[in-house]
Amino acid sequence: MSTTRATPADVVRHARRLWLKGERIHLASLSEELHIGRATLFRWIGNKDLLMGETLWSLYDSLRQDAIAQTSGHGVDYVVGVFRHINSVLLHSEPLRRFVHDDPEYALKILTSSRSTLHSRTVEANTRILEEQVAAGYIQPPMNLESLSYFMVRLAESCLYADIIGGREPRDEELEDACTAVRILLGGKA
């Protein structure tokens, strides 16, 4: 009888399933369920914050790839379309809403902190899309691409987490306003 040993990817997949079901993620429980030692778990993923960042990135990256595949065109319309697709799905994501409402301070730390794995990777991925569009000659934004990407991510966060940042419910109308702002930041017309 062969036993399959868990891998770091298994840890993220298991944490992802728990998060999507709204269950709390405990490192001690994960190590037991996956039959690995706590020291191994910490060596693979670090602390809980890093695991949450990896878990949420795995979900975000999948959504980002879907948005890229499903958005046609190029240039400003393409970038805004990818932005709209991703953030519309996130705005209506029940697991994300639950995560934010269950522990707002922790959620903001994991989702928006500049030291967060998720935040930094989101900015990097967004920058790559902008770089591709610039390299193809489709856009010429009037600012540094890394700054533009950062501003786009912060605009999205202000819409997605309006309830805990600004005390008002996230709304589709505000996301559309954010899309208009992104269009303008890209050098397009409102």
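Residues numbered from 1 in each chain as written. Predicted model: local features only at pLDDT ≥ 70, side-chain atom pairs only at ≥ 80, totals over all residues. Heavy atoms only, no water.

K.L.:
So, the overall build of the protein: which residues are in play, and what are the values?
P.N.:
Regarding its fold elements, the protein presents eleven helices and zero strands. The order of α-helices and β-strands along the protein, N terminus first, is α-α-α-α-α-α-α-α-α-α-α. With respect to the three principal axes, the spread of C-alpha positions in the protein is 60 × 40 × 25 Å. Residues counted as buried form 47% of the 190 residues belonging to the protein. Within the protein, contacts between residues at least 6 apart in sequence are counted, and of these 62% link residues at least 24 apart. With the model as given, the accessible surface of the protein reaches about 10,200 Å², and the carbon-plus-sulfur share is 51%. Taking the average location of the 22 positive side-chain charges in the protein and that of its 25 negative ones, the two points are 5 Å from each other. (Helix = DSSP H or I, 4+ residues; strand = E, 2+ residues; numbered from the N terminus. Buried < 20%, exposed > 50% of the residue type's maximum accessible area, 1.4 Å probe, protein only. Contact = heavy atoms within 4.5 Å. Areas by Shrake-Rupley, 256 points an atom, 1.4 Å probe, with all protein chains shown as cover. Lys, Arg positive; Asp, Glu negative; His and termini not counted. Charge placed at Lys NZ, Arg CZ, Asp CG, Glu CD.)

K.L.:
Quick rundown of the packing of helix α5 (residues 75-91) against helix α8 (residues 117-135)? Include the residues and the values.
P.N.:
Relative orientation of the contacting elements α5 and α8 amounts to 165°, with a least axis distance of 10 Å. Between α5 and α8, the interaxial angle falls into the category roughly antiparallel. In this structure, α5 meets α8 at a crossing whose hand is right-handed. Across from Gly-75, Tyr-78, Val-79 and Val-82 in α5, the residues of α8 making contact are Ile-129, Leu-130 and Gln-133. Its residues assigned to classes, the contact of α5 with α8 comprises five nonpolar, two polar and no charged. (Axes fitted to C-alpha atoms, helices over the stretch in contact; angles between N-to-C directions. Parallel < 35°, antiparallel > 145°, perpendicular 65-115°, else oblique. Left-handed = near helix turned anticlockwise from the far one by under 90°. Nonpolar A, V, L, I, M, F, W, Y, C, P; charged D, E, K, R; others polar.)

K.L.:
An account of the nonpolar core is needed here, citing residue identities and associated values.
P.N.:
Core analysis: the biggest nonpolar cluster contains 54 residues, and Leu-30, Leu-51, Leu-56, Phe-99, Leu-111 and Leu-186 have the highest contact counts within it. At nine residues, the largest contribution of residues to this core is made by α5. Those residues in contact with Leu-51 that lie beyond four places of it in its chain are Val-11, Val-12, Ala-15, Ile-25, Leu-27, Leu-30 and Ile-45. (Core = buried A, V, L, I, M, F, W, Y, C linked by side-chain atoms within 4.5 Å.)

K.L.:
Give a detailed account of helix α6 (residues 94-102), specifying residues and quantitative values.
P.N.:
Among all positions of α6, only Pro-95, Leu-96, Arg-97, Phe-99 and Val-100 are buried. Buried-residue contacts for α6 involve α1 (8-20), α4 (48-70), α5, α7 (104-112), α9 (145-160) and α10 (162-165).

K.L.:
Give a description of unusual backbone geometry that names residues and reports values.
P.N.:
The backbone of His-35 sits at a positive phi, close to 55°, despite the residue not being glycine. Structurally, His-35 can be placed in the loop between α2 (27-33) and α3 (38-45). According to the relative accessible area criterion, His-35 is exposed, its value standing at 72%.

K.L.:
An account of the packing of aromatic side chains is needed here, citing residue identities and associated values.
P.N.:
For the structure shown, the criterion picks out four aromatic pairs. Seen from their ring centres, Phe-99 and Tyr-106 are 6.3 Å apart, and the 80° between their planes marks the pair as edge-to-face. Accessibility assignment for this pair places Phe-99 and Tyr-106 in one class, buried. Through successive ring pairs, a cluster of aromatic residues spans Trp-19, Phe-99 and Tyr-106. (Phe/Tyr/Trp six-rings, centres within 6.5 Å; stacked < 30°, edge-to-face > 60°.)

K.L.:
Can you break down the side chain of His-119 residue by residue, with the values?
P.N.:
Relative to the helices and strands, His-119 is located in helix α8. Overall, His-119 belongs to the buried group, its relative accessible area being 3%.

K.L.:
How would you explain the packing of α1 against α4 if you had to name every residue and give the values?
P.N.:
At a minimum axis separation of 9 Å, α1 and α4 run at an interaxial angle of 80°. With respect to their mutual orientation, α1 and α4 come out roughly perpendicular. Mapping the contact onto sequence places Val-11, Val-12, Ala-15, Arg-16, Trp-19 and Leu-20 in α1 and Leu-51, Met-52, Glu-54, Thr-55, Leu-56, Ser-58, Leu-59 and Ser-62 in α4. Across the contact of α1 with α4, the residue classes break down as nine nonpolar, three polar and two charged.

Treat this as a map of the structure, not an account of what it does.
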